Amino acid sequence: MHAKDILIDGFNRIHEEVHATVEGLGPDELTARPSPDTNSIAWLVWHLTRVQDDHMADAFGLEQVWLSQDWEKRFGLDLPRRDTGYGHSPAKVARVRVESGELLTGYHDAVHEQSVGALRGLAAKDLERVIDERWDPPVTLGVRLVSVLSDDLQHIGQAAYLRGLLQSAAA
């Protein structure tokens, strides 16, 4: 198995979990927050998808799906165009509201398609390419891809846990 196949498998797992976590939830469940300082499922899925979109586009020299396919307009959030959710206050988390899970999964599907398409063209030597010299040590493509996987896996786990909390409270 090649490194790109492992990375593709990782992104496929995130994609499956996004769908499983969002499926069947309405707007109230998607935006529910156990306390005012916590994130909602909608925010977590939006954020993990925005991070993947932003970082993958930057790493591969692509346009962000958020902007190139008008997802920013479809969501209609009261946030800056390139906002990914890093450092969001509780008030900004509350701005991420959706009318349906299909909006979240649709955006995630589009980002996933672009991400996996970029990964399919990878050669092993590409993973060593430095893509961000602002860090010490400089960040390689391989390190950035693992970073995106790690961040996305943490957030989809949080969203799945929150789904479980909401479902057990409703039972």
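Coordinates for the structure precede this section.
Predicted, not measured: the structure shown is a model, and the values here were computed from it. (Residues numbered from 1 in each chain as written. Predicted model: local features only at pLDDT ≥ 70, side-chain atom pairs only at ≥ 80, totals over all residues. Heavy atoms only, no water.)

Chemist: I tried to follow the side chain of D151 on my own but got confused; where do I start?
Modeler: For D151, the location among the structural elements is in helix α8 (residues 141-170). Discounting chain neighbours no more than four positions away, the residues touching D151 are H47, V51 and Y86. (Helix = DSSP H or I, 4+ residues; strand = E, 2+ residues; numbered from the N terminus. Contact = heavy atoms within 4.5 Å.)

Chemist: Even after reading the chapter, I still don't get the environment of V65, so can you show me in this structure?
Modeler: When you line up the elements, V65 lands in helix α4 (residues 65-68). V65 sits in the buried class, given a relative accessible area of 0%. If we skip the residues at most four places from it in the chain, V65 touches D53, D70, W71, Y107, A110, V111 and Q114. (Buried < 20%, exposed > 50% of the residue type's maximum accessible area, 1.4 Å probe, protein only.)

Chemist: Explain the pattern of salt bridges to me, please; I cannot follow it from the model alone.
Modeler: What the rule picks out here adds up to 6 salt bridges. For K73, the salt bridge is made with D70, and the minimal N-O distance between the two is 3.9 Å. For K73, a relative accessible area of 62% corresponds to the exposed category. Overall, the relative accessible area of 37% leaves D70 in the partly exposed class. Here R134 and D132 are joined by a salt bridge, their closest N and O atoms 2.8 Å apart. (Salt bridge = Lys/Arg side-chain N within 4 Å of Asp/Glu carboxyl O.)

Chemist: Before we go on, may I ask you to explain helix α7 (residues 101-120) in this structure?
Modeler: For an α-helix, 3.6 residues make a turn, and residues three or four places apart therefore share a direction. Relative to the 28 Å expected for 20 residues at 1.5 Å per residue, α7 spans 28 Å between its end C-alpha atoms, a close match to the ideal helical length. Of all 20 residues in α7, 14 are buried; the element is thus mostly enclosed. (Expected span 1.5 Å × (residues − 1).)

Chemist: I would appreciate a short explanation of the packing of helix α1 (residues 3-22) against α8 in the present structure.
Modeler: Working note: a packed helix pair is described by the angle between its axes plus the distance between those axes. Taken N-terminus to C-terminus, the directions of α1 and α8 make an angle of 20°; their axes are 10 Å apart at the nearest point. Judged by the inter-axis angle, α1 sits roughly parallel to α8. Note that α1 runs across α8; the crossing there is left-handed. Contacts between α1 and α8 pair L7, G10, F11, I14, E17, V18, A20, T21 and V22 from the former with L145, V148, L149, D152, L153, I156, A159, A160 and R163 from the latter. In terms of residue class, the contact of α1 with α8 is built from 13 nonpolar, 2 polar and 3 charged. (Axes fitted to C-alpha atoms, helices over the stretch in contact; angles between N-to-C directions. Parallel < 35°, antiparallel > 145°, perpendicular 65-115°, else oblique. Left-handed = near helix turned anticlockwise from the far one by under 90°. Nonpolar A, V, L, I, M, F, W, Y, C, P; charged D, E, K, R; others polar.)

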